[in-house]
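Overview (structure and organization)
Read off the chains here:
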Amino acid sequence: MKSEWRVTSNTINGKKMYAVYRLRDINAVDHSGNREFAGGYVNNRDTAAIVAAELNKQEEKSEQ
């Protein structure tokens, strides 16, 4: 079972960047091989949070 979409951060070339991801298997350890990303890194956390919220909303609708 996959997790909800979340925001992660990473410092790249001295600048904090953000990406949207979810765990492929919520029962497994969180590591790079267990993460699925939606797009690439962005400069703004709020932008990434909006994308994560929209993806979660879409997932919720598709489960109904």
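As a starting point, this report considers the structure included with it.

Quick notes on the rules
Residues numbered from 1 in each chain as written. Predicted model: local features only at pLDDT ≥ 70, side-chain atom pairs only at ≥ 80, totals over all residues. Heavy atoms only, no water. 1 Å grid on protein atoms, 1.4 Å probe; cavity = no way out; pocket = protein on both sides within 12 Å on 5 of 7 lines; lining within 4 Å. Points joined across faces, edges and corners; volume = space filled by probe spheres on them. Helix = DSSP H or I, 4+ residues; strand = E, 2+ residues; numbered from the N terminus. Nonpolar A, V, L, I, M, F, W, Y, C, P; charged D, E, K, R; others polar. Pairing = 2+ DSSP bridges. Axes fitted to C-alpha atoms, helices over the stretch in contact; angles between N-to-C directions. Contact = heavy atoms within 4.5 Å.

1. Digging into the layout of surface pockets
What the largest pocket holds in volume is close to 150 Å³. For the largest pocket, the full set of lining residues is Met1, Lys2, Ser3, Glu4, Trp5, Arg22, Asn56, Glu59, Glu60 and Glu63. Here the lining of the largest pocket takes four residues from helix H1 (residues 45-63), the largest share from any one element. Tallied by class, residues from the lining of the largest pocket come to two nonpolar, two polar and six charged.

2. Topic: the sheet that holds strand S3 (residues 35-37)
Pairing is antiparallel across the open sheet formed by three strands, whose spatial order is S1-S2-S3. Where the open sheet ends on each side, the last strands, each with one partner, are strand S1 (6-12) and S3. With direction set aside, neighbouring strand axes in the sheet form an average angle of 50°. In the sheet, strand S2 (residues 15-23) pairs with S3 via three bridges, with the strands oriented antiparallel. Considered in S3, the bridge of Arg22 is made with Glu36. On top of the sheet, H1 reaches S1 and S2; it is set at about 10° to S2, its chief contact.

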